[in-house]
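Coordinate inspection notes
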Amino acid sequence: MTKITISVCKVYRNTGRFRFHRKNTKKAWKHYYLEEDEPDEWKFNTEWVDSIKAQFLKLKKRHKRMCICLNCGRIFYAYIKNEREEVNCPICPDDEDE
Ligand SMILES: [Zn+2]
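Our subject in this report is the structure included herewith. (Residues numbered from 1 in each chain as written. Predicted model: local features only at pLDDT ≥ 70, side-chain atom pairs only at ≥ 80, totals over all residues.)

What about the overall build of the protein chain?
Scanning the protein chain from terminus to terminus reveals one helix and five strands. Along the chain direction, N to C, the helices and strands of the protein chain fall in the order β-β-β-α-β-β. Counted over contacts in the protein chain with a minimum sequence separation of 6, partners at least 24 positions apart contribute 27%. (Helix = DSSP H or I, 4+ residues; strand = E, 2+ residues; numbered from the N terminus. Contact = placed C-beta atoms within 7 Å.)

Dropping the structure here:
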């Protein structure tokens, strides 16, 4: 199963939304990612990770980039590892001959 890391953050474990954290609560790493359930179906998920895994995930983190296909003019989003990575249009067929 493919996972795409969106973000790795250090957050307080015991805080609810809109509440101040209690004393003695520890910060822990939370991994925000997309998981491919079925081909082209991405589900947002989170999980707690230890600090070693968090550092590893940070290196793998991808960036969301908006792309415009010069061929069909469609705008789509792709997750890339670095700015130079080439992204194929999800709509246009791979080979140009057809
Ligand atoms: Zn296209």
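What to know about the environment of Ala78
Here Ala78 shows up in strand β5 (residues 75-80). Ala78 sits in the partly exposed class, given 16 other C-beta atoms within 10 Å. Distance in space between the C-alpha atoms of Ala78 and Cys67 is 7.1 Å, their sequence separation being 11 residues. Discounting chain neighbours no more than four positions away, the residues touching Ala78 are Arg65, Cys67 and Val87. (Buried ≥ 20, exposed ≤ 12 C-beta atoms within 10 Å, placed from the backbone.)

So, the sheet that holds strand β1 (residues 3-12)
Spatial ordering of the open sheet is given by β1-β2-β3, a layout of three strands whose pairing is antiparallel. The two strands at the open ends of the sheet, each matched to only one other strand, are β1 and β3 (41-49). Recorded for the sheet is a direction-independent mean angle of 25° between the axes of neighbouring strands. In this structure, β1 lies alongside strand β2 (residues 27-38), joined through nine bridges in antiparallel fashion. Its bridge partner lying in β2, Lys10 is registered against Trp29. (Pairing = 2+ DSSP bridges. Axes fitted to C-alpha atoms, helices over the stretch in contact; angles between N-to-C directions.)

With respect to the environment of Cys92
Structurally, Cys92 can be placed in the segment after β5. Each C-alpha atom of the pair Cys92 and Cys72 lies 7.3 Å from the other, and the pair is 20 residues apart in sequence.

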